[in-house]
Amino acid sequence: MSRPYKVTLIPGDGIGPEVAAAAVRVLTATGIPFEWETQPAGASAIGEHGTALPPQVLESVRRNKLALKGPTETPVGTGHRSVNVELRKQLDLYANLRPVQSLPGVKSRYEAVDLVVVRENTEDLYSGLEHVVVPGVVESLKIITEKASLRIARFAFDYSRAHARQKVTAVHKANIMKLSDGLFLDCCRRVAKEYADVAYDEIIVDNACMQLVLEPSRFDVLLLENLYGDIVSDLCAGFVGGLGMAPGANIGVAAALFEAVHGSAPDIAGKNLANPIALILSGTLMLDHLGEHPAAERVRRAVRAVLAEGKKLTRDLGGTAGTTEIAEAIASSIEQGGAAAHPLGPPLASRE
Ligand code: NAD
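Draft legend 1. View of the overall build of the chain. From N to C terminus, the chain includes eleven helices and twelve strands. Against the compact-globule benchmark of 20 Å for 352 residues, the chain has a radius of gyration of 20 Å, which places it among compact chains. Its C-alpha atoms give the chain principal-axis dimensions of roughly 60 × 50 × 40 Å. Buried positions account for 55% of the 352 residues belonging to the chain. Charge-centre separation for the chain: the mean point of 36 positive side chains lies 2 Å from the mean point of 41 negative side chains.

See the structure below:
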């Protein structure tokens, strides 16, 4: 057997430990050897470690260069800073990749949605630079740099090329924020000129939201700054059955961290109700990142097979199965090899 891949596993808060256990169960079923290094982060880490992001978490991810993460809770308005923002900044995980694809058997208002959200992950209004100017007046700084904008634009075009995507659409508000979004747009245009084989266009963010809701199929790869990317990726998750179905990856030069788009869902935590598919599909992005494409494809086919069969669905998908049951069904499908032969069409999250 080949040497195991060492992965930092961050179960996180709320439904995090449940969906993380489900994803580990499914990834283990592929037979790819993994060594999981479990690390605490989030609100649940504060009691024992006095901080939401203990230093050993960053050390572990830096060492392994790979992490699978459940959601972590961030208090609204006060309290500790977001663990996610901190991880992305500290590890320079500059690209947030969120493929959005319709799946069989999942009720949704749209069919055949197939788009990818590429979100800049390190700056913009998420820089955390806020201060009170005078009582009653607060200033929040939106940081946009040429370096980060060029880098994320190149990522979007490289991804498009590698995955046979047709078009990159830059989403902006440069009509109002002429300097900051203007710089972002200028960088996108400069990079687009280097990729003559990938089509490029632009759209203002409010119009983008309306056009997406009217006809998501007119989009292919969306390229956005941090805040717009955050909002638009939740919007897009709604096209394919909600947050339980939306995987994600945070990719940098020295490390990559895979996590679902959804949060810690405190309303359903600890009840075996969470849909683990978003994190399981994030795991397939990790397998692809490792070059383990056949294993990633086996997981995708198993997910599609279980969804198409419709017997083991979580509550958000209209079923009554628990987190553990759907994970078990997907894992069994992989182990029995049945999914490999399932005639369910083209691969998910990849057109390679
Ligand atoms: P949320 O994503 O946790 O929940 C929104 C709604 O979607 C809830 O009704 C929830 O039950 C449902 N939902 C989410 N994931 C689901 C799943 N896998 N299966 C079934 N239903 C699911 O968003 P929120 O309520 O705005 O945030 C809760 C907490 O999560 C906050 O503290 C927030 O900061 C944090 N958060 C963390 C991350 C992350 O760690 N990556 C991302 C977003 C939000």
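Draft legend 2. Expanded view of the packing of aromatic side chains. Here the structure, examined in full by the defined rule, presents six aromatic pairs. Between the aromatic rings of Phe-157 and Tyr-200, the centroid separation amounts to 6.1 Å while the plane-to-plane angle is 40°, which identifies the pairing as tilted. Remark: Tyr-200 occurs in strand 9 (residues 199-204) and Phe-157 occurs in helix 5 (residues 146-162); sequence separation between them is 43 residues. The class for Phe-157 is buried, based on a relative accessible area of 0%. Look at Tyr-200 and you get partly exposed, because its relative accessible area is 23%. Members of the aromatic cluster, each reached through a chain of ring pairs, are Tyr-5, Phe-34 and Trp-36. When the ring centre of Tyr-126 is taken as origin, the NZ or CZ atom of Arg-119, which lies over that ring, is 5.4 Å away.

Draft legend 3. Looking closely at a nonpolar patch on the surface. A cluster of nonpolar residues, Val-133, Val-134 and Val-137, forms a patch on the protein surface that exposes about 220 Å² of accessible area. Turning to its location among the elements, Val-137 is positioned in strand 7 (residues 137-140).

Draft legend 4. Structural view of helix 4 (residues 83-90). With six of eight residues buried, helix 4 lies mostly within the body of the structure. Among the residues of helix 4, those classed as buried are Val-83, Asn-84, Val-85, Glu-86, Leu-87 and Arg-88. The residue sitting at the N-terminus of helix 4 and contributing the capping side-chain oxygen is Ser-82; that oxygen lies 3.2 Å from the backbone nitrogen of Asn-84. One or two steps after helix 4, the chain reaches Asp-92, where phi turns positive at roughly 50°.

Draft legend 5. Focus on the site of the ligand. Around the ligand, the surrounding shell holds 21 residues, and the nearest of these are Thr-72, Asn-84, Gly-263, Ala-265 and Asp-267. Between the ligand and Asn-84, the relevant distance is 2.8 Å, taken from an oxygen atom to a side-chain nitrogen or oxygen of the residue. A distance of 2.7 Å separates an oxygen atom of the ligand from a polar backbone atom of Ala-265. A total of 810 Å² of accessible area belongs to the ligand in isolation, and the protein chains cover 68% of it. When the residues that make up the shell around the ligand are grouped by side-chain class, the tally is eight nonpolar, eight polar and five charged.

Draft legend 6. The packing of helix 10 (residues 293-309) against helix 11 (residues 323-335), seen in detail. As a packed pair, helix 10 and helix 11 sit with axes 9 Å apart at the nearest point and diverge in direction by 125°. In terms of axis orientation, helix 10 runs oblique to helix 11. Seen along the crossing, helix 10 lies across helix 11 with a hand that is right-handed. Across the interface between the two elements, Arg-298, Val-299, Ala-302, Val-303, Ala-305 and Val-306 from helix 10 touch Ile-326, Ala-329, Ile-330, Ser-333 and Ile-334 from helix 11.

Draft legend 7. Quick look at the pairing of strand 12 (residues 256-259). Of the two faces of strand 12, the one holding Ala-256 and Phe-258 and the one holding Leu-257 and Glu-259 are both buried throughout. Where strand 11 (residues 249-251) meets strand 12, three bridges bridge the pair, whose relative direction is antiparallel. Note that in strand 12 the partner of Ala-249 across the bridge is Phe-258. Where strand 11 folds back onto strand 12 in an antiparallel hairpin, the turn is made up of four residues.

Draft legend 8. Spatial organisation of unusual backbone geometry. The residue Ala-164 is not glycine, and still its phi comes out positive at about 50°. Backbone geometry at Ala-265 places phi at a positive 40°, although glycine is not the residue there. The topology assignment puts Ala-265 in the loop between strand 12 and helix 9 (277-289).

Draft legend 9. Region of interest: the nonpolar core. Counting residues in each nonpolar core, the largest one holds 90 residues, and the members touching the most others are Leu-222 and Ile-330. The element that contributes the greatest number of residues to this core is helix 1 (residues 16-29), accounting for eight residues. Those residues in contact with Leu-222 that lie beyond four places of it in its chain are Leu-115, Val-116, Val-117, Val-118, Thr-169, Val-171, Leu-212, Val-232 and Cys-236. Of all hydrophobic cores here, the second largest spans 14 residues; its members include Ile-10, Leu-53, Ala-67 and Leu-257.

Parameters at a glance
- Residues numbered from 1 in each chain as written.
- Predicted model: local features only at pLDDT ≥ 70, side-chain atom pairs only at ≥ 80, totals over all residues.
- Heavy atoms only, no water.
- Helix = DSSP H or I, 4+ residues; strand = E, 2+ residues; numbered from the N terminus.
- Rg over C-alpha atoms; globule rule 2.2 N^0.38 Å.
- Buried < 20%, exposed > 50% of the residue type's maximum accessible area, 1.4 Å probe, protein only.
- Lys, Arg positive; Asp, Glu negative; His and termini not counted.
- Charge placed at Lys NZ, Arg CZ, Asp CG, Glu CD.
- Phe/Tyr/Trp six-rings, centres within 6.5 Å; stacked < 30°, edge-to-face > 60°.
- Lys NZ or Arg CZ within 6 Å of the ring centre and 35° of its normal.
- Patch = residues over 30% accessible without salt bridge, like charges linked within 9 Å, V, L, I, M, F, W, Y side chains within 5 Å.
- Areas by Shrake-Rupley, 256 points an atom, 1.4 Å probe, with all protein chains shown as cover.
- Salt bridge = Lys/Arg side-chain N within 4 Å of Asp/Glu carboxyl O.
- Polar contact = N/O pair within 3.5 Å; in protein donor to acceptor, adjacent residues only side chain to side chain.
- Near = heavy atom within 4 Å.
- Nonpolar A, V, L, I, M, F, W, Y, C, P; charged D, E, K, R; others polar.
- Axes fitted to C-alpha atoms, helices over the stretch in contact; angles between N-to-C directions.
- Parallel < 35°, antiparallel > 145°, perpendicular 65-115°, else oblique.
- Left-handed = near helix turned anticlockwise from the far one by under 90°.
- Contact = heavy atoms within 4.5 Å.
- Pairing = 2+ DSSP bridges.
- Core = buried A, V, L, I, M, F, W, Y, C linked by side-chain atoms within 4.5 Å.

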